[in-house]
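Listed below, chain by chain, are the residues.
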Amino acid sequence: MFYVFPRPEDIAHYVSIQIGQRFIRNNKVVLGLATSSTMKPVYAQLIEFYRQRPCSLDHVHCFNLDEYIGLKAEHPQSYAAYMQKHLYQHLPFVNDQLYLPCGQHWPTEAQCLEISKKIKSLGGIDLQLLGIGTNGHIGFNEPGTSFHSRTHVVTLSEQTRKDNSRFFTDKNEMPTHAVTLGLKDISEAKEVYLLATGKQKAPIMAQLQQAEITETLPASILKKHPNAFFFVDKDAAEQLDPAQCTDYRFLLERSKSS
Ligand code: F6R
């Protein structure tokens with residue numbers, strides 16, 4: 001189901017509360033986390049939530065979706081550096097609660113699969129956050145990726161390289177490859193929130209709403225997930241069929257009554 005929120009901050013507020021409540025509940029929780037521009041307001045509000053309601057986070061495990069290959073963890077555009085800057089340095093996590101695919105060296109197949117196995121050994125991902133690429137990728141699973149894929153190395157598409165080179169001052173540094181959780185890993189999460197904000201996401205969200213479930217549109221795998229929620233702001237919702245959308249206030253009512 002597609003839920004329409006007025007602004008990106010409203011999505012971030014809702015999502016940060018959902019995660020924050022899992023912090024407070026103190027039961028083991030495995031989070032699947034994404035990076036990039038869509039997630040920044042979510043993490044900013046989650047940090048604020050934690051500041052107002054500090055608690056132990058010993059029960060929280062975080063897996064990152066993906067990482068570029070060929071960038072050192074200290075590179076400002078690595079996803080390791082992103083997570084450190086936007087979330088981890090602000091919360092009292094210790095290293096063995098945080099799992100980030102390592103992209104410094106080309107990972108072997110066995111090293112990739114180790115990540116998928118680790119997720120399973122912790123009981124699977126409870127809540128997976130996702131952004132979406134303008135070509136429908138989730139994680140870095142580009143169009144055509146098998147729905148049965150586990151953590152693997154991908155060749156980034158021209159579209160993704162074009163979109164993401166905006167983050168690199170030296171465009172030549174934009175990596176050609178990445179390591180990502182597979183679509184099978186993602187779709188096994190118990191609950192999934194896919195967030196899309198901004199006008200540039202309007203065409204792909206409309207395509208996703210209308211699409212069959214097909215490997216040419218990786219995010220469409222979520223349409224058969226019983227607990228996948230698509231959160232869009234007004235701009236990203238511009239081309240959606242309103243008859244297939246729900247107002248975000250319905251979600252607020254639902255979480256008040258649960
Ligand atoms: C990042 C990731 C990617 C991004 C997607 C959208 O960890 O998994 O799938 O979520 O490329 O990026 P933004 O949010 O910059 O539009």
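Throughout this document, residue positions are counted from 1 along each chain, in the order its sequence is written. Only residues with pLDDT of 70 or above have their local features reported here, since the model is predicted, and side-chain atom pairs are shown and tallied only from 80 upward, although totals for entire chains, interfaces and linings are computed over all residues. For the side-chain quantities, the full set of heavy atoms in the structure was used; hydrogens and water were omitted.

A. Highlighting the overall build of the protein chain. Counting its regular elements, the protein chain contains eight helices and 11 strands. Overall size of the protein chain, expressed as C-alpha extent along the three principal axes, is 45 × 40 × 35 Å. Looking at the protein chain as a whole, 55% of its 258 residues qualify as buried. For the protein chain, contacts bridging at least 24 residues in sequence account for 82% of all contacts bridging at least 6. Note that accessible areas follow from Shrake-Rupley with a 1.4 Å probe, and for residues the cover is restricted to the protein chains shown. Summing over all exposed atoms, the protein chain offers an accessible surface of approximately 11900 Å²; the carbon and sulfur share of this is 52%. Only four residue types enter the tally: Lys and Arg on the positive side, Asp and Glu on the negative side, with His and both chain ends excluded. Charged groups are reduced to one reference atom each: NZ for lysine, CZ for arginine, CG for aspartic acid, CD for glutamic acid. Distance from the positive charge centre (27 side chains) to the negative charge centre (27 side chains) of the protein chain: 3 Å. Secondary structure elements are defined from DSSP: runs of H or I of at least 4 residues count as helices, runs of E of at least 2 residues count as strands, and each element is numbered from the N terminus. Summary of the burial criterion: residues with accessible area below 20% of their type's maximum are buried, those above 50% are exposed, and those between are partly exposed, where the area comes from a 1.4 Å probe applied to protein chains only. Contacts are residue-level and defined by heavy atoms, with any inter-residue pair within 4.5 Å sufficient.

B. How the structure looks around the sheet that holds strand S4 (residues 66-68). Strands were regarded as paired on the criterion that DSSP finds at least two bridges between them. One open sheet holds the three strands; their spatial order is S4-S8-S7, and the pairing between them is antiparallel. Strands with a single pairing partner mark the edges of an open sheet, and in this sheet they are S4 and strand S7 (152-155). Strand after strand, the sheet turns through a mean of 25° between neighbouring axes, direction not considered. Think of each axis as a best-fit line through the C-alpha atoms, taken over the contacting stretch in the case of a helix, with angles from 0 to 180 degrees between the N-to-C directions.

C. Main features of the site of the ligand. For this purpose, a residue is taken to be near a molecule or strand whenever a single non-hydrogen atom of the residue falls within 4 Å of it. Neighbouring the ligand are 16 residues, the closest being Ser37, Thr38, Asp66, His137 and Lys201. Residue Thr38 places a side-chain N or O atom 2.4 Å away from an oxygen atom belonging to the ligand. Any pair of N or O atoms that falls within 3.5 Å is considered a polar contact. Within protein, one atom must be able to donate a hydrogen and the other to accept it, and sequence-neighbouring residues count only if both atoms are side-chain atoms. At 2.7 Å from an oxygen atom of the ligand is found a side-chain nitrogen or oxygen belonging to Asp66. Protein chains bury 97% of the 410 Å² of accessible surface belonging to the ligand in isolation. Counting atoms within 2 Å of the grid points, the majority share of the ligand lands in the largest pocket. Asp, Glu, Lys and Arg are counted as charged, while Ala, Val, Leu, Ile, Met, Phe, Trp, Tyr, Cys and Pro are counted as nonpolar; the rest, among them Gly, fall into the polar class. Residue classes in the shell around the ligand are distributed as five nonpolar, eight polar and three charged. A cavity, in this analysis, means grid points on a 1 Å lattice covering only the protein atoms where a 1.4 Å probe fits yet has no way out; a pocket is instead an open set bounded by protein on both sides within 12 Å along at least five of seven lines, and a residue lines either one if it has an atom within 4 Å of a point. Molecules are considered to sit inside a cavity or pocket once more than half of their atoms lie within 2 Å of its grid points.

D. Quick look at the nonpolar core. One finds Val15, Phe23, Met205 and Phe231 to be the most contacted residues of the largest nonpolar core, which totals 70 residues. Not counting residues within four places of it along the chain, the set of residues in contact with Phe23 comprises Leu31, Leu46, Tyr50, Cys55, Ser56, Leu57, His59, Val60, Leu91 and Phe93. We call a set of buried Ala, Val, Leu, Ile, Met, Phe, Trp, Tyr and Cys residues a nonpolar core when their side-chain atoms join them within 4.5 Å. In terms of nonpolar packing, the next biggest core, distinct from the first, is built from nine residues, Tyr68, Tyr79, Leu156 and Phe168 among them.

E. Layout of empty space enclosed by the protein. Grid points are joined across faces, edges and corners, and a volume is the space filled by probe spheres set on the points. This model, assessed by the stated rule, comprises one cavity of 30 Å³ or more. The set of elements that each furnish at least two residues to the lining of the largest cavity consists of helix H1 (8-25) and helix H2 (40-52). Considering every element that reaches the lining of the largest cavity, the biggest residue donor is H1, with three residues. Taken together, the residues that form the lining of the largest cavity break down as six nonpolar, two polar and no charged.

F. Up close: the pairing of strand S6 (residues 127-130). Side chains of S6 alternate between two faces, with Leu127 and Leu129 and Gln128 and Leu130 buried alike. Here S6 runs beside strand S9 (residues 191-196); their pairing, made up of four bridges, is parallel. Considered in S9, the bridge of Leu130 is made with Leu194.

G. A look at the packing of aromatic side chains. In this analysis, rings of Phe, Tyr and Trp, with Trp reduced to its six-membered ring, are considered paired at centre separations within 6.5 Å, and the interplanar angle assigns stacked below 30 degrees, edge-to-face beyond 60, and tilted for intermediate values. Here the structure, examined in full by the defined rule, presents 18 aromatic pairs. Relative to Phe229, the ring of Tyr3 has its centre 6.0 Å away and its plane inclined at 35°; by these criteria the two rings are tilted. With a gap of 226 residues between them, Tyr3 in strand S1 (residues 2-5) and Phe229 in strand S10 (residues 228-233) connect regions that are remote in the sequence. Taken individually, Tyr3 and Phe229 each receive the classification buried, so the pair is uniform in this respect. Ring centres 5.9 Å apart and planes at 85° place the aromatic pair Tyr193 and Phe229 in the edge-to-face group. Of the two residues, Tyr193 is situated in strand S9 and Phe229 in strand S10; the sequence distance between them amounts to 36 residues. Each residue in the set Tyr3, Phe5, Tyr14, Tyr193, Phe229, Phe231 and Tyr248 is aromatic and connected to the rest through ring pairs, giving one cluster. In this scheme, Lys NZ or Arg CZ marks a charge over a ring once it lies within 6 Å of the ring centre and within 35 degrees of the ring normal. When the ring centre of Phe49 is taken as origin, the NZ or CZ atom of Arg53, which lies over that ring, is 4.0 Å away.

H. Expanded view of the packing of H1 against H2. At their nearest, the axes of H1 and H2 sit 8 Å apart, and the two run at 45° to each other. Our classification of the angle between H1 and H2 gives oblique. Judged by the twist between their axes, the crossing of H1 over H2 is right-handed. Every residue of H2 that contacts H1 at Glu9, Ala12, His13, Val15, Ser16, Ile17, Ile19, Gly20, Gln21, Phe23 and Ile24 is listed here: Pro41, Val42, Gln45, Leu46, Phe49 and Tyr50. For the contact of H1 with H2, the per-class residue count stands at 11 nonpolar, five polar and one charged. In what follows, roughly perpendicular refers to angles from 65 to 115 degrees, roughly parallel to angles under 35, roughly antiparallel to angles over 145, and oblique to any angle outside these ranges. By definition, turning the near helix anticlockwise from the far helix through less than a right angle yields a left-handed crossing, and turning it clockwise yields a right-handed one.

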